[in-house]
Every structure is written in structure tokens, then in C-alpha cells.
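# Topology and contacts: notes
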Amino acid sequence: MTIDNQLDQASETESEVANTDGLMMQLDYAAPSQISQVNESSDSLSEAQTSEHTQHVALFAQLNRSEVNFHGKVKSPLVFRDSLLALFDVVSSDYRYVPKDRSAYTVFMQMRRASSNKNLFTAQRDYFTWLFDNDPLAFCILDPIIQVHEQGVSFEVFSRDEGCYAQLTLTNEIFEQSTKPTLGTTSIDYSAALFNGIEKIRDHQQTILDIGHEAVGLQLLEAKPETAEADTDSTVTTPTVKKQIIEKRINVPKSWIRALLQVQSAGQLPQDTIHLDPIALYNVLFKLRMHADVKGKRRGLLIELRPQQLPVIILEPFDITVTSQVSQQQKPYQGQQAKLIRLWGRRRLSLLKRLLPHADSVSVSLLGQGMPSYWTVTGKGFHFTFAMTGFSQANWSQSLNFDLLLPKRPLRNTLAASEGLSDSSNATLNDSNNDSNAKHNGLSVLIKTLENTPSTLKGLVKSLSANASLTSVPVSHSQVQQWLLSGTQQGLIRYEMATQLYHYRPLSQVPLDMAQFAYHNEAEKQAFDLISRTDAVQKFSVETVAVKGITIRADIHVEEDRRTYHSQLQLGDEGLVTKAECSCPQYLQHRLTHGVCAHLIALRLRYNQYDPNNTSNDSWHDTRVLSKRVPSKRLHQPKNKQESVQVAGYNSLMTLSSAPTLDLTALAQPAAQSHATATASDKTQETAIAYVYITIAHKKITIEQTIGDKDTRQQLVFNQPAQAKAAFLQHIARFEAKGFIENQGM
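About the thresholds
- Residues numbered from 1 in each chain as written.
- Predicted model: local features only at pLDDT ≥ 70, side-chain atom pairs only at ≥ 80, totals over all residues.
- Heavy atoms only, no water.
- Helix = DSSP H or I, 4+ residues; strand = E, 2+ residues; numbered from the N terminus.
- Buried < 20%, exposed > 50% of the residue type's maximum accessible area, 1.4 Å probe, protein only.
- Contact = heavy atoms within 4.5 Å.
- Pairing = 2+ DSSP bridges.
- Axes fitted to C-alpha atoms, helices over the stretch in contact; angles between N-to-C directions.
- Parallel < 35°, antiparallel > 145°, perpendicular 65-115°, else oblique.
- Left-handed = near helix turned anticlockwise from the far one by under 90°.
- Phe/Tyr/Trp six-rings, centres within 6.5 Å; stacked < 30°, edge-to-face > 60°.
- Disulfide = S-S within 2.5 Å.
- Core = buried A, V, L, I, M, F, W, Y, C linked by side-chain atoms within 4.5 Å.

Another aspect to go through is the overall build of the protein. Within the protein, the regular secondary structure consists of 17 helices and 34 strands. Across the 746 residues in the protein, those meeting the buried criterion constitute 49%. Contacts spanning at least 24 positions in sequence make up 70% of the contacts within the protein whose residues lie at least 6 apart.

Structurally, histidine 358 is set in the loop between β17 (339-343) and β18 (359-366). In this structure, histidine 358 is in contact with Leu78, Val79, Asp82, Gly379, Lys380 and Phe382, ignoring residues within four places of it in sequence.

Let us look at the environment of isoleucine 550. Positionally, isoleucine 550 belongs in strand β24 (residues 549-558). Look at isoleucine 550 and you get buried, because its relative accessible area is 16%. As a C-alpha pair, isoleucine 550 and histidine 621 span 71 residues in sequence and 9.8 Å in three-dimensional space. Ignoring anything within four residues of it in the chain, the contact list for isoleucine 550 reads Val542, Glu543, Thr544, Leu569, Gln570, Leu571 and Tyr607.

For the rest of this paragraph, the subject is the sheet that holds strand β8 (residues 164-171). By definition, the strands of a sheet pair up through backbone hydrogen bonds, in either a parallel or an antiparallel sense. Taken in spatial order, the eight strands line up as β10-β6-β7-β8-β20-β19-β18-β13 in an open sheet, and their pairing is antiparallel. Because the sheet does not close on itself, it has two edges, and the strands there are β10 (184-187) and β13 (272-276). With direction set aside, neighbouring strand axes in the sheet form an average angle of 15°. Across seven bridges, β8 lies against strand β20 (residues 382-388) in antiparallel orientation. Bridging across to β20, tyrosine 165 finds its partner in alanine 387. Taken strand by strand, helix α2 (residues 77-91) contacts β7 (152-158), β8 and β20, and its axis lies near 160° from that of β8.

Let us look at the packing of helix α6 (residues 254-266) against helix α12 (residues 477-489). Where α6 contacts α12, the two axes come as close as 8 Å, and the packing angle between them is 155°. By the angle class used here, α6 and α12 are roughly antiparallel. Two packed elements cross with a definite hand, and for α6 against α12 that hand is right-handed. Residues Leu261, Gln264 and Ser265 of α6 form the contact with α12, whose own contacting residues are Leu485, Thr488 and Gln489.

Moving on, we come to the sheet that holds strand β32 (residues 700-707). One open sheet holds the five strands; their spatial order is β33-β32-β31-β27-β34, and the pairing between them is antiparallel. At either margin of the open sheet sits one strand with a lone partner, and together these are β33 (710-717) and β34 (741-742). Bridge count between strand β27 (residues 621-631) and strand β31 (residues 687-697): 11 bridges; the pairing is antiparallel. Of the residues in β31, the one forming a bridge with histidine 621 is alanine 697. On top of the sheet, helix α17 (residues 721-737) reaches β27, β31, β32, β33 and β34; it is set at about 170° to β31, its chief contact.

Along the chain, glutamate 316 connects to proline 317 via a cis peptide bond; the corresponding omega equals -5°. Turning to its location among the elements, proline 317 is positioned in the loop between β15 (312-315) and β16 (320-322). The phi dihedral of glutamine 500 falls on the positive side, at around 60°, and the residue is not glycine. Tracing the backbone through its elements, the reader meets glutamine 500 in the loop between β21 (493-496) and β22 (501-504). One non-glycine residue with positive phi stands out, namely histidine 698, at about 60°. Mapped onto the fold, histidine 698 is located in the loop between β31 and β32.

All right, on to the packing of aromatic side chains then. Aromatic ring pairs are described here by two measures, namely the spacing of the ring centres and the angle between the planes. Summed over the entire model, instances satisfying the criterion amount to eight aromatic pairs. Between the aromatic rings of tyrosine 691 and tyrosine 693, the centroid separation amounts to 6.4 Å while the plane-to-plane angle is 25°, which identifies the pairing as stacked. Both residues of the pair, tyrosine 691 and tyrosine 693, count as buried. Judged by centre distance (5.6 Å) and plane angle (90°), the ring pair of phenylalanine 735 and phenylalanine 740 falls under edge-to-face. Like phenylalanine 735, the residue phenylalanine 740 is buried in the burial classification.

Disulfides are covalent bonds that connect the sulfur atoms of two cysteines. Applying the stated criterion across every chain yields a total of zero disulfides. Here cysteine 597 stays unpaired: no disulfide links it, and the sulfur of cysteine 584, its closest cysteine neighbor, is 3.7 Å away. A relative accessible area of 2% places cysteine 597 in the buried class.

A word on the packing of helix α11 (residues 457-465) against α12. At a closest axis distance of 10 Å, the pairing of α11 and α12 adopts a crossing angle of 110°. Classified by the angle their axes make, α11 and α12 are roughly perpendicular. Of the two elements, α11 crosses α12, and the hand of that crossing is right-handed. Between α11 and α12, the residues in contact are Leu457, Leu460, Val461 and Leu464 and His477, Val480, Gln481, Trp483 and Leu484, respectively.

Quick look at the nonpolar core now. In this structure, Phe155, Leu209, Leu352, Trp375, Phe384 and Phe386 are the most contacted members of the largest nonpolar core, which totals 65 residues. A per-element tally of this core places α2 first, with nine residues. Leave out the neighbours within four places in its chain, and leucine 209 touches Val57, Leu59, Phe70, His71, Gly72, Val74, Phe80 and Phe175. Formed by 44 residues, the second largest nonpolar core is a distinct cluster that contains Tyr374, Leu460, Val475 and Leu492.

What follows is the structure in C-alpha cells.
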């Protein structure tokens with residue numbers, strides 16, 4: 001990824017710009033966005049802007065996109081400041097693991113010796129020049145996408161490590177508008193200088209937000225010419241605006257855009273939604289800050305869901321449970337089945353810390369193990385949706401698992417397809433082409449409907465059913481939802497999870513070439529082709545061993561090579577691939593240094609179709625992991641019997657027990673009863689997590705129970721594999737009747 005900022009209007013040829021490794025995006029702004037203080041009146045400013053100590057936030061829009069304008073005075077400057085700062089924290093975050101590299105240190109020492117006789121300014125300039133040439137990722141932050149719509153202003157960003165997505169909406173409730181805004185979508189310049197200026201916003205100062213092509217025109221005014229006579233009737237010349245064009249050319253990786261579109265699309269999939277108090281999220285962040293991760297131990301965030309009970313958050317490996325029972329608005333889990341969902345990347349939740357003082361409620365939408373989770377923080381005048389992907393950039397196994405949840409990405413853009421339909425309307429087409437064209441026509445009509453006004457899924461079904469141009473296409477709930485998913489994957493539609501509204505929001509001014517984003521690479525395309533064949537994957541077997549992981553084996557037959565390759569994968573904890581082997585020439589020569597071969601990807605895709613509950617499976621190897629929180633004795637005696645926990649929003653310090661269970665019901669009591677509350681919390685028993693591993697291996701069943709440091713083991717042998725399978729399912733039902741929950745993330 002490279003970035004080149006130029007202040008002049010010099011352009012490069014297409015041969016110099018073209019790059020097959022990424023997508024070139026050209027962002028032209030009239031000037032860098034900035035925040036300034038207005039102390040003097042001007043003819044171009046209204047009376048509301050001429051007061052002293054006015055903070056003017058000016059965001060320049062793109063010049064090569066349709067004009068978007070917004071002007072309003074901010075009623076809650078602190079909410080406005082903290083929400084924009086949280087947005088910048090997300091777009092600049094990078095949680096990827098960086099191993100130690102001595103080469104950079106060696107080059108730095110060489111440069112240090114070469115610059116020993118130079119002054120400080122020259123040495124610093126040489127260092128940043130070297131850093132820009134050798135590590136351009138340190139400076140690359142893609143500008144956020146901004147949309148001015150009827151409900152307010154929305155910002156969208158994606159992090160540098162391709163793991164976090166954030167959507168901020170500032171509603172009209174937080175603004176006092178004097179002029180009617182111009183609705184549309186554009187990008188704004190979001191730099192470190194703007195971040196430093198936003199940090200200086202205070203509550204006692206008036207704050208004004210301007211968005212548009214000439215947003216900071218008041219900062220670019222020439223000084224007024226002085227006249228010799230004050231009482232002359234000569235016309236006063238209007239100030240002229242300086243022309244200062246900033247041109248950004250960013251070569252964005254295709255994986256970045258592909259992940260951005262995927263996380264947006266996944267928000268429309270079926271999910272489990274729970275509601276938390278902001279104080280519960282605060283305590284999760286507090287405990288994570290006070291407890292460092294233990295190397296070699298679990299680092300998951302377990303969310304325990306039981307029907308008609310409040311959700312419980314468990315921090316591993318400390319077994320600290322966080323509950324929230326303060327607010328009466330809290331809703332119990334409405335699902336029909338108990339679930340235990342494990343999330344990873346919990347440290348990324350610290351990006352929400354700026355919003356907690358202004359939050360009224362927090363809702364969490366869960367897609368499943370290793371899938372993205374959506375954390376929506378809602379307050380007065382704003383709602384902030386933060387999405388964490390369940391995989392890192394290197395975890396290709398979970399990435400492929402995520403791809404299978406979404407419908408197949410179209411190979412061409414809907415807008416281009418609709419133009420092709422109009423050109424070929426007089427041509428004679430067969431039935432299959434008519435069906436395909438009808439689907440593209442339906443999505444085009446849906447996009448035109450969203451251009452006029454945002455709508456919910458029910459509203460779209462109702463409006464499209466009454467549309468006369470869709471008589472040949474059955475407009476149903478599932479069909480409209482499929483169109484919405486396809487439009488979101490193409491970067492044409494944005495889904496707002498807090499309001500459940502769909503907005504028309506083109507990601508770029510030029511429609512994306514979807515053929516570039518259908519697959520990660522050529523190996524993944526070949527793997528999907530192999531999976532579609534009936535005889536490509538042969539002798540598929542799954543063997544699960546308690547604690548150690550899952551071993552997947554299969555023979556991948558490639559008809560073009562006239563050969564059959566033996567592939568094997570071992571999935572360890574958290575679904576990560578710990579070992580991979582293949583007999584293909586690519587693996588034998590390069591191992592995994594040149595990427596994953598198509599046969600291993602096909603094996604991983606085939607495993608996603610494996611159903612362990614299916615009795616027709618030939619493999620009699622399976623392991624189920626169940627867990628339950630049980631009261632136990634004090635496993636780890638702390639040095640101090642009590643610790644003080646300061647809760648945001650309360651003036652006094654509540655002395656709570658140092659037990660891993662945080663019982664927040666004490667906060668609902670008056671401060672005068674703090675002594676009685678502390679005595680009651682001391683009686684609360686500590687909890688530990690009991691794990692049960694039930695393994696079936698052909699005719700043998702092994703049951704292992706683990707509570708703390710104590711382990712018990714039991715083996716059962718049967719005469720027939722079918723008898724062992726029946727007993728295996730009976731033992732699972734027996735433990736579930738005792739309150740155990742199946743832990744699929746083990």
C-alpha cells in the first residue's frame with residue numbers, strides 16, 4: 001500500500017498509477033479539514049458565528065463527487081467531540097501482531113551514525129523521509145465516508161488492520177440548523193491535525209460544523225483592502241478565496257475493501273441480540289485493563305445466554321463473571337436455547353471508552369463463534385456501531401468460514417448491469433437470461449427506491465410489491481433481503497443497525513469492478529470450483545481429540561492435473577489452523593510461504609459443511625465440550641481481601657469484594673447503606689467454570705471433567721459403534737439437563 005499526498009494539481013499517467021495489488025482511489029479536496037477559533041465578525045458569517053470563543057469544525061468534501069453541504073451549530077459539544085475522537089481511534093487502530101525485526105533497528109543505527117554531525121531538524125527530517133519510503137503504512141489512514149441524510153450525518157470508517165468497522169450517526173437532535181442541507185455521500189479529509197483540533201473542543205465554547213466543498217472558506221479569505229476615506233460610497237470588494245487543492249492518491253488493498261463490504265453485509269444476517277448497561281461494559285474494560293493476558297492461556301470473551309435470564313460475560317482465563325442488574329430497562333435473553341458464544345479480540349473494545357460517559361444503552365449482536373460481533377452504543381443525539389471481526393488477517397480459516405455465511409458475490413455491478421439491460425431490451429433472450437435480467441432489474445428498482453428515502457425491510461417489501469415494473473419477479477421478504485445483501489456487497493447500500501434502516505450510499509464515485517473482489521486470490525477461486533464438483537473431495541474424515549483439537553483429512557482429486565492430493569488440517573483452540581499438510585507440488589516446494597494452496601482451502605470449506613449430528617456420517621470420532629459456572633472454594637487467595645472499584649457516574653467509592661463475580665445490584669442502594677452492601681457482597685460465593693469433554697472414538701467413549709486443577713476421567717467401551725453413538729448422545733443430554741451448555745468454541 002502506498003500513499004502520495006500532493007499539494008499541486010500535477011497528475012500522473014495511468015501507467016504510473018495502475019497497480020494490480022490494490023485499487024487506486026483519488027481523493028481531491030479543496031484544503032485539509034481543520035478546526036479553528038473564530039473571534040472576529042465577517043461579512044460571510046451569520047450572527048450565530050460572530051460570538052467570541054466559537055470553535056469552527058470545517059470538513060472538506062471531495063471535489064470529484066456530487067456536492068454535499070451541511071451547516072449546523074452543535075448543542076452538545078462534548079458528545080460531538082468524544083464521538084469523533086472515538087471514530088479516529090478506530091480508523092487509526094492496528095492490533096496486528098508485529099514480531100521483532102532487527103533489520104529496522106540496524107538501519108536506524110546506521111542512519112543514526114550517519115546523522116551524528118547533523119542538527120536536530122535535519123536528522124528528524126531524514127528519519128521521517130526514510131520512514132515514509134520504507135514503512136508507508138505508518139502514515140496511511142483512509143479518509144472516512146460521510147453521508148448527509150434526512151436523519152442527520154453518518155460517518156463510516158474501517159481500521160488499518162482490517163479488523164474493526166465503525167459507523168457513527170449524529171442525529172438532527174444534536175444540531176441547530178439554519179439552512180437546509182444538501183443530501184448525498186462523499187469523503188472528508190481526516191488527518192492528525194484535525195484530531196488534535198477536535199481534542200480542544202470544550203463545553204463552554206460554541207461549536208459549529210460545516211461540511212462541503214467550500215467548508216473552510218472563512219479560513220481562506222484575503223485581507224480586506226483598506227480605504228483612505230471611511231465615508232465614501234464606493235463599493236467594497238468581496239474577499240477572494242485562495243485556491244489550495246490537496247490531492248490524495250491512495251492505493252487501497254483489495255482485501256481492505258473486501259473486508260469492509262463483508263462486515264457491512266454480515267450485519268443483516270440472523271443474529272442473537274442482547275442488551276447491556278453501560279456500567280457492565282465499563283467493568284469489562286476495567287477488568288481487562290487491570291488483568292494482563294497470560295501467555296498460553298485463553299483470551300476469549302465468553303457470553304453466556306440462557307432463556308429468560310440476563311446475559312453473563314465471562315473473562316478468560318480468570319473466570320471473572322460480569323453481570324448487570326442495575327437498570328430496569330435491561331431485557332433478558334429471548335432465545336429458545338441456551339448458548340455459550342466465545343468472542344476474540346476483546347482488547348479492541350477499549351476503543352469505545354470515550355463514549356461510555358454519554359451512553360444510555362449498549363446492545364450486542366452476535367453471529368456465532370468466530371463471527372463478527374456488533375456493539376451499538378446509543379446516547380442522546382448519537383448512536384455508534386462498532387463491529388469486531390472474529391478473525392485476524394492471518395487467520396484464513398475463520399475468514400473462509402465467514403465467507404460462507406454470505407451469498408455469492410456478483411461478478412458485475414448492478415448499475416452497469418441495469419445499463420446493459422436498457423441497451424439490450426430489444427434483443428431476444430432465453431428464459432435463463434430473462435430470469436437473471438429480472439433479478440438485476442429488481443435490485444436496480446430497489447436502489448432507486450432507496451435514493452429517495454431510507455427505509456426498513458418491511459417498508460421496502462411493501463413499496464416494491466406495489467411497483468408495476470416488477471411484475472415478472474416475485475417480490476417476497478426473502479427476495480428483497482437477498483437484493484439488499486447483494487447491494488451491500490457491491491458497496492451501494494448501507495445498513496444502519498441501530499435504526500434498522502437501509503440507506504443508498506455508493507462507496508466510491510465510480511462503481512466497483514466486482515470481478516476483483518469475488519475471491520481473495522486465484523487459489524480460493526479454484527477451491528470453490530473444486531467444492532462444487534461431486535467427486536473432488538474423497539475419503540473425508542474428521543477426528544476430534546479432547547483438548548488437542550480437530551484433525552481433518554481428505555483426498556482432493558483434481559481432474560485437470562489427473563492426480564489426487566492428500567490434504568490434512570489440524571484445528572487447535574479457537575478454530576485456528578495449527579498444522580497444515582498437502583502432497584501438492586506447491587506445498588512440497590514452498591510450504592505455506594507462498595500462500596495456501598487450493599486443496600487446503602477446499603478441505604477447510606468442506607469441513608464447514610460437516611454436520612456432527614448427522615447419523616449418516618462415516619466417521620465415529622467426535623468430541624463435545626460442555627461448560628457450566630459452579631460455586632467453588634477460593635482457588636486463588638488474593639493478597640488483599642478487598643479492593644476498591646470506582647464506578648463511573650457515582651461520586652463515592654464502593655468497597656466491593658474481590659471475588660471474580662461482580663454483583664452490581666449493590667449500586668442501586670443508597671450510599672448510606674454501603675457498609676451493609678459490602679457485608680452482603682462478602683457472602684457471595686466465588687464461581688469457577690467446570691468443563692466436560694465427551695469423546696467418542698469408534699466403540700469407546702471417554703468422559704473427562706475439569707474443575708480448576710482437579711480432573712476426573714471415565715472410559716466406556718461398547719460392542720457396536722451404533723451403541724456407542726447412542727450412549728454418546730445420551731450423556732450429552734444428561735449433562736445439558738444439569739445446566740451445562742455446549743461450548744462450540746473449544
